[in-house]
Amino acid sequence: MIRKLNVQRVERDKELWLALLVQEGIKSEENIEETFGLFEGDKLVATASRYQNVIKCVAIDSEVQGGAYFNQIISHLMNRNTDFGHFKHYVYTKPCSSEAFEYLGFKTIEQVDNKLVFMENAISGFDLFLEKLKNGRVDAEKIAAIVMNANPFTLGHQYLVENAAAENDHVFVFVLSEEMSVFTAAIRKRLVEAGVSHLKNVSVLSTENYMVSNATFPSYFLKEADDTTAIQARLDARLFVNHIAPALNISRRYVGNEPHSQATNIYNEALKQEFEGKLNLKILERKENQLDVISATKVRALLLEDDLETVRYFVPETTFNFLQSDEGQVIIKQLKDQKL
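This one's a predicted model, so the numbers in the text were calculated from it and none came from an experiment.

A. Layout of the pattern of salt bridges. Inspection of the entire model under this criterion finds 25 salt bridges. For the salt bridge of K4 with E34, the shortest nitrogen-to-oxygen distance reads 3.2 Å. Taken as a pair, K4 in strand β1 (residues 2-5) and E34 in strand β2 (residues 34-40) lie far apart in primary sequence, 30 residues in all. Residue class for K4 comes out partly exposed when judged on its relative accessible area of 47%. For E34, a relative accessible area of 5% corresponds to the buried category. In this structure, D113 and R238 form a salt bridge, with 3.0 Å as the shortest nitrogen-oxygen distance. Residue D113 is located in the loop between β6 (107-112) and β7 (116-121), and its partner R238 is located in helix α7 (residues 226-248); the two are separated by 125 residues in the primary sequence. Given a relative accessible area of 36%, D113 falls into the partly exposed group.

Structure below.
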């Protein structure tokens, strides 16, 4: 029998869950939406959790370990993903467990040494994403890339793109597809496109699930331990340098220095490590104005304070005009409602 475990509120469920994870050498995580357990009578013999479409904390009792238990619990999680509209399934697992996932249709996308394997089960997955990128190749020698959340697009983001555009023949700007903000992926991409429209050698693309996403680098969005963040950052960096950069002939990537973000600092260090000898990495200092360092965090804080006039000093005219529009006012109200 499979039943949902309430590991946040029911102490007995939490005890059974943690005992099985510890027994099988699996690290527990707080960043999960649902946890399920497979029982033989009163004995918990298998468990798995999910955060959106990422499967986590998979453990099968080694005393009764068998393909049937594994298949049942993972199939159940995949069905739950589908119930919530997720038709691509991702998992982090140990190399020794990858074969079991392959049996259920998962495919290895990338691996970090003997620590972590990133796998996907999807009809239109990573291979199709790379093919779409290749269709957008440009005939140029010096090609750079920037990956940004742009939540929303600021003068700092624009400064980064303008520097890259001045130093390269073409620049691909990837805007995160993850839906983690009232500024939706579609709106953020539209604001980036508007803010770089004066640069004729810049293309704006979406990351889908394959760059700085909950699938490849959840620590960007969720609070994780530094060691977990470092491994996930290396995974995301390897996906970029080994697959995405070759698809578009990218030879350089630009990032901004963010002294107040531990996750970003760890991520930039991972890029340095994984890019060495393969890809150039340029880290630019954050742009400042007479008031403060320019950041999307600062812009959102000003919006919460109803200080739209000061926002003018932190964003391009295109972003400011959007924020003044009816659509932008709805976004600002949603931002305030989140804080209530």
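B. Fine view of the environment of S213. As for its placement among the helices and strands, S213 is situated in the loop between β10 (202-206) and α7. Of the residues examined, S213 reaches a relative accessible area of 0% and is grouped as buried.

C. Structural detail: the side chain of H157. Residue position: H157 is located in helix α5 (residues 155-167). A relative accessible area of 16% places H157 in the buried class. What H157 contacts, discounting residues up to four positions off in sequence, is M148, A150, N151, P152 and A296.

D. Spatial organisation of the packing of helix α6 (residues 185-195) against helix α11 (residues 317-324). Following both chains from N to C, one finds α6 and α11 inclined at 135°, their axes separated by 8 Å at the closest point. Viewed along their axes, α6 and α11 adopt a mutual orientation that is oblique. Residues I187, R190, L191, A194 and G195 of α6 lie in contact with α11, whose contacting residues are T318, T319 and F322. Of the residues in the contact of α6 with α11, the class split is 4 nonpolar, 3 polar and 1 charged.

E. Highlighting unusual backbone geometry. With an omega of 5°, the peptide bond between N151 and P152 qualifies as cis. Its place among the elements puts P152 in the loop between β8 (143-148) and α5. Even without glycine at this site, C57 takes up a positive phi of about 50°. Since its relative accessible area comes to 7%, C57 is described here as buried. The phi angle at E208 is positive, at roughly 50°, despite the residue not being glycine. Among the secondary structure elements, E208 is positioned in the loop between β10 and α7.

F. Region of interest: the layout of surface pockets. Taken as a whole, the second largest pocket encloses approximately 870 Å³ of empty space. What lines the second largest pocket is a set of 31 residues, and nearest its centre among them are I26, V58, Y92, T93 and K94. Going through the elements one at a time, β4 (54-60), α2 (67-83), β5 (89-93), α3 (98-103) and α7 are the ones with two or more residues in the lining of the second largest pocket. Element by element, the count of residues in the lining of the second largest pocket is highest for β4, at 6 residues. Looking at the lining of the second largest pocket residue by residue, the class counts come to 15 nonpolar, 9 polar and 7 charged.

G. The arrangement of the nonpolar core in detail. With 37 residues, the main nonpolar core has F129, L133, F174, F240, I244 and I250 as its most contacted residues. Put simply, the parts of the chain that give this core at least two residues each are β5, β6, β7, α4 (126-135), β8, β9 (170-175), α7 and α8 (262-275). The element contributing the most residues to this core is α7, with 10 residues. Counting residues in hydrophobic clusters, the runner-up holds 36 residues, among them F183, V204, F314 and F322.

H. Examining the environment of L199 more closely. Relative to the helices and strands, L199 is located in the loop between α6 and β10. Sequence separation between L199 and Q329 is 130 residues, and the spatial gap between their C-alpha atoms is 28 Å. Those residues in contact with L199 that lie beyond four places of it in its chain are V161, E162 and A165.

I. Expanded view of the packing of aromatic side chains. Tallying each qualifying case throughout the model produces 9 aromatic pairs. Ring centres 5.9 Å apart and planes at 40° place the aromatic pair Y92 and F118 in the tilted group. You can see Y92 sitting in strand β5 and its partner F118 sitting in strand β7, a full 26 residues away along the chain. Exposure class is identical for Y92 and F118. Each is buried. Chaining the aromatic ring pairs together yields one cluster made of Y90, Y92, F118, F126, F129 and Y210. The cationic tip of R50 hangs over the ring face of F84; the distance from NZ or CZ to the ring centre is 4.5 Å.

Thresholds applied
Residues numbered from 1 in each chain as written. Predicted model: local features only at pLDDT ≥ 70, side-chain atom pairs only at ≥ 80, totals over all residues. Heavy atoms only, no water. Salt bridge = Lys/Arg side-chain N within 4 Å of Asp/Glu carboxyl O. Helix = DSSP H or I, 4+ residues; strand = E, 2+ residues; numbered from the N terminus. Buried < 20%, exposed > 50% of the residue type's maximum accessible area, 1.4 Å probe, protein only. Contact = heavy atoms within 4.5 Å. Axes fitted to C-alpha atoms, helices over the stretch in contact; angles between N-to-C directions. Parallel < 35°, antiparallel > 145°, perpendicular 65-115°, else oblique. Nonpolar A, V, L, I, M, F, W, Y, C, P; charged D, E, K, R; others polar. 1 Å grid on protein atoms, 1.4 Å probe; cavity = no way out; pocket = protein on both sides within 12 Å on 5 of 7 lines; lining within 4 Å. Points joined across faces, edges and corners; volume = space filled by probe spheres on them. Core = buried A, V, L, I, M, F, W, Y, C linked by side-chain atoms within 4.5 Å. Phe/Tyr/Trp six-rings, centres within 6.5 Å; stacked < 30°, edge-to-face > 60°. Lys NZ or Arg CZ within 6 Å of the ring centre and 35° of its normal.

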